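Chain residues, written in single-letter form:
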Amino acid sequence: MYIYDEYDQKIVDQRVAQYRDQTRRYLAGELTDDEFRPLRLQNGLYIQRHAPMFRVAIPYGNLRSDQVRKLAELSRKYDHSYVHFTTRQNVQFNWPALENVPEMLAELASVQMHAIQTSGNCIRNTTSDQFAGVAYDEIVDPRPWCEIIRQWSTFHPEFAHLPRKFKIAVNGAKEDRAAVLVHDIGINVKLNAEGQVGFEIYVGGGLGRTPMIGDLIKPWLEPAHLLTYLDSVLRVYNRYGRRDNKYKARIKILVKAMTPEVFAAKVDQEWAFLKNGPQTLTDEEIARNHRFFTAPAYESLPGDDPSFLAALEANPAFSRWVDRNVFAHKVPGYAAVTLSLKQHGVPPGDATDVQLDAVADLADRFSFGEVRVSHGQNLILADVKESDLFALWEEAKRIGFATPNIGLLTDLICCPGGDFCSLANAKSLPVAKSVQERFDDLDFLFDLGEIDINISGCINACGHHHIGHIGILGVDKNNAEFYQITLGGRQGVDAQIGKVIGPSFAQEEMADVMSKIIQVFVDNREGDERFIDTFDRIGVDPFKNKVYEGRPAGRAKKEVEA
Amino acid sequence: MSRIIVDKQIVDCDAPILRVGEDGSFPTVPAAGLVFVSLPQYLAQKSELAARGDVGVWFAPADEPEQLGADAAQLAFIAVEFPAFTDGRGFSIGRLLRERYGFTGQLRAFGDVFKDTLNYLARCGFNAFVVRADKDIDDAVKGIDDFTEFYQSAVGQPQPLFRRR
């Protein structure tokens, strides 16, 4: 993991001092609400429904055990003893007092953490693959590049007040677990035929009100030029992105209005000035960042550990957990474990202080003291020996983090919704709960296989509903909470935006609606087909006809006419 | 006399900002004294104004430094308006004037300018600040040094941290 030197620490410490002064002046009436809002947002502080919400950055999802313990401690001291992990690998406190936030920041700085640019119209936390560095299908470890981008984007003086928020994701594996195609800038780290590293740059992807898949504007960018090229993209966006309408202010709208070709040409024009300038990466800087992400002290193991194989054989529940929650590692004899934060009946992504402390202990005992956060809102121990998996499973069960549902229907992604968030049109947590209650039979869930359900309480799409196989969006209809359903979305290398199936539903209908969708899948499924493959084969009509059966509107045209 | 910040010192300065009339007409430029004319007016009246050392040019956020181009290097004063501090286009204008078009004179920020914006502005090449009249300018000047270490290449320190650490 990256470790701060005196420069990194100084920058974070100066931020704490600056924010302490800003909070003091706000409370003294020297800063108005309108002035303080953008300042506090760039420090992760929202004013929410019941209390402020405070979002802390977890750069590309990487945490050390001492940092996890600090989060637990802060939740006890300043909050209601739990935290919420987000779809952008960050962590949120739901109940801090505004005047305590400077102190929380100071405590975070003591363990090399911060809340810099976790909200506001600036460059946000760079996200990546939760299995970076260990994934069996990895081409290039994206973490050193993420760290280089983190430093470049931190307090970038020119891009502090962009037209709108700006999100960058980096992927270095064959599968795309970082959702690069739905980010403002998506970067694939690649190798060419000569084995040299380079980047594929996508721009203009995003969810929200106008979901779009990003366009490839630079098929091959040499590493030294990464930052000058990013500077060029951001400068074009900062100067020409729309500022008159916040719903049209994301870079995707600019790219679409200019066309990707013209946008790319404009960036190249700017880049001609910046390329080879002082921001050009040096070999030493690239090497320096790579030194923080070397392999831990793995033991040389043959793999197929006999005690592990015996436990698999003897214990069907363990075997099921391994099947769902254990991910193939590139080093023989090791595995990456996902601790499920989707225990039925618990808000997705929530963890208590007791659970956090326990996870920190597990990380120290089993995984070199490191923890990852996934954009699926789960925690990962990335370097566990096969021979330790059974013991880890026993411990994880004890803290409620061993639900064997990763990738299954109840591993749903969900924003905090109207229970907490003042932007939300509708609550999302009760819908998540009703789905988890309806589908609580593990055997049935297991048989259904991989289904991504994503729930957002409003069009801002924090729950990424557009790229769920089944997406659920909370909408406001005459001051009542309703839910719109999309089908066929997906993330990854073939990312697609799901399509709305028809009129929305009341909250109490949602469990039945989900049952009907699943029933259509089961009735039409061939063999062990995944939900999304069945959907692609049979199309949306059978789903519409079942879900809107007996209703005035919503069934597929053909049937209505017949 | 109004007080403004120049090179971290608080000094007295009154320099009118001349705006283009609603009908598109250019206002009369006073015969003497520091004054800022809009970019369109400067471009239209360059032959008369360029010789005067006390006529500066002011940029609105949508104005393009490319239009002034190399002429920037001949000017002693340029100002950039920030109608709202959350409009960051002026940051790019500052850097382009300094880093691409060779402007070495006084670069002044005016409009929604207060303590919390000065550090970023200074790094983008601004060395003069017309702090909003309702804000404490003596406190605001301290904001320039909210941060003393930076990762990126910028105007005051073109070498990014990675070339210095």
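All of these numbers come straight from a predicted model, not from anything done at the bench.

Structural notes on the overall build of chain A
Thought 1: Secondary structure assignment for chain A yields 19 helices and 21 strands.
Thought 2: Taken over the C-alpha trace, chain A has a radius of gyration of 23 Å; the compact-globule value for 562 residues is 24 Å, and the two agree within 12%.
Thought 3: Dimensions of chain A along its principal axes, counting C-alpha atoms only, are 65 × 60 × 55 Å.
Thought 4: A total of 562 residues make up chain A; the buried ones form 55% of that total.
Thought 5: Considering only contacts within chain A whose residues lie at least 6 apart along the sequence, 67% involve residues at least 24 apart.

Digging into the sheet that holds strand β4 (residues 35-38) of chain B
Residues and elements named next belong to chain B.
Thought 1: An order of β2-β1-β8-β7-β6-β5-β4-β3 is seen for the eight strands of this open sheet, with the pairing classed as mixed. In this open sheet, the two edge strands, each paired with only one partner strand, are β2 (9-12) and β3 (17-18).
Thought 2: Where strand β7 (residues 106-111) lies against strand β8 (residues 128-129), two bridges are found, and the strand directions are parallel. Bridging from a neighbouring strand, R108 pairs with A128 of β8.
Thought 3: The sheet strands contacting helix α4 (residues 89-100) are β5 (55-59), β6 (77-82) and β7, and the helix crosses β6 at an angle near 165°.

Let's talk about the nonpolar core
The tendency in soluble globular proteins is for nonpolar side chains to be buried as a group.
Thought 1: Counting residues in hydrophobic clusters, the biggest one holds 204 residues, and the most contacted among them are V359 of chain A together with F129 of chain B.
Thought 2: At eight residues, the largest contribution of residues to this core is made by helix α6 (residues 226-240) of chain A.
Thought 3: With residues near it in sequence (within four places) discarded, F129 of chain B still touches I4, I5, A109, V113, L118 and L121 of chain B.

Details of the environment of E158 of chain A
Thought 1: Mapped onto the fold, E158 of chain A is located in the loop between α5 (143-153) and β7 (168-171).
Thought 2: Once the C-alpha coordinates of E158 of chain A and I148 of chain A are considered, the two residues, 10 residues apart in sequence, prove to be 17 Å apart.
Thought 3: With near-sequence residues (within four places) excluded, E158 of chain A lies in contact with R235 and N238 of chain A together with F91, S92, R95 and C124 of chain B.

Observations concerning the domain arrangement of chain A
One frequent convention defines the size of an interface as the accessible area lost when the parts assemble.
All names here are of chain A.
Thought 1: Examined at the domain level, chain A breaks down into domain 1 (6-109), domain 2 (127-291), domain 3 (306-398) and domain 4 (413-561).
Thought 2: Each partner contributes residues to the interface: domain 1 has six residues there, and domain 4 has eight residues.
Thought 3: For the side of domain 1 that touches domain 4, a count of residues per class yields one nonpolar, four polar and one charged.

Side note on the pairing of β2 of chain B
All names here are of chain B.
Thought 1: As judged from the four bridges shared by strand β1 (residues 3-6) and β2, these two strands associate in the antiparallel manner. The partner of I4 across the bridge, within β2, is V11.
Thought 2: Where β1 folds back on β2, the antiparallel hairpin that results is connected by two residues, among which D7 adopts a positive phi of roughly 50°.

Quick word on the pairing of strand β15 (residues 379-385) of chain A
All names here are of chain A.
Thought 1: Across the seven residues of β15, seven count as buried, placing the element largely inside the fold.
Thought 2: Pairing between strand β12 (residues 334-339) and β15: five bridges, direction antiparallel. Residue pairing in the sheet places A335 in a bridge with V384 of β15.
Thought 3: Alignment of strand β14 (residues 370-373) against β15, held across two bridges, turns out to be antiparallel. The residue bridging R372 from the neighbouring strand is I380, located in β15.

Let's talk about the interface of chain A and chain B
Thought 1: Residue-level contacts link 31 residues of chain A with 29 residues of chain B.
Thought 2: Going through the elements one at a time, α1 (6-27), α2 (33-41), α5 and α6 of chain A are the ones with two or more residues in the side of chain A that touches chain B.
Thought 3: With six residues, the single largest contributor to the side of chain A that touches chain B is α1 of chain A.
Thought 4: Of the residues belonging to the side of chain A that touches chain B, the class tally is 12 nonpolar, 12 polar and seven charged.

Focus: the packing of α6 of chain A against helix α8 (residues 260-274) of chain A
For any two helices packed against each other, the geometry comes down to the angle between their axes and how far apart the axes lie.
Residues and elements named next belong to chain A.
Thought 1: The interhelical angle for the contact between α6 and α8, taken along N-to-C directions, is 130°, at an axis separation of 8 Å. Of the possible angle classes, the one that applies to α6 and α8 is oblique. When you trace α6 past α8, the crossing you get is right-handed. Seen from α6, the contacting residues are T228, Y229, D231, S232, V233, R235 and V236; seen from α8, they are K266, V267, E270, W271 and L274.

Details of unusual backbone geometry
Residues and elements named next belong to chain A.
Thought 1: For Q117, which is not glycine, the phi dihedral falls at a positive 55°.
Thought 2: Assignment of secondary structure puts Q117 in the loop between α4 (101-109) and β6 (127-128).
Thought 3: Look at N478: it is not a glycine, yet its phi comes out positive at around 50°.
Thought 4: By secondary structure assignment, the location of N478 is in the loop between β18 (470-477) and β19 (480-487).

Conventions we followed
Residues numbered from 1 in each chain as written. Chains lettered and ligands numbered in written order. Predicted model: local features only at pLDDT ≥ 70, side-chain atom pairs only at ≥ 80, totals over all residues. Helix = DSSP H or I, 4+ residues; strand = E, 2+ residues; numbered from the N terminus. Rg over C-alpha atoms; globule rule 2.2 N^0.38 Å. Buried ≥ 20, exposed ≤ 12 C-beta atoms within 10 Å, placed from the backbone. Contact = placed C-beta atoms within 7 Å. Pairing = 2+ DSSP bridges. Axes fitted to C-alpha atoms, helices over the stretch in contact; angles between N-to-C directions. Core = buried A, V, L, I, M, F, W, Y, C linked by C-beta atoms within 7 Å. Domains from an automatic or database assignment. Nonpolar A, V, L, I, M, F, W, Y, C, P; charged D, E, K, R; others polar. Parallel < 35°, antiparallel > 145°, perpendicular 65-115°, else oblique. Left-handed = near helix turned anticlockwise from the far one by under 90°.

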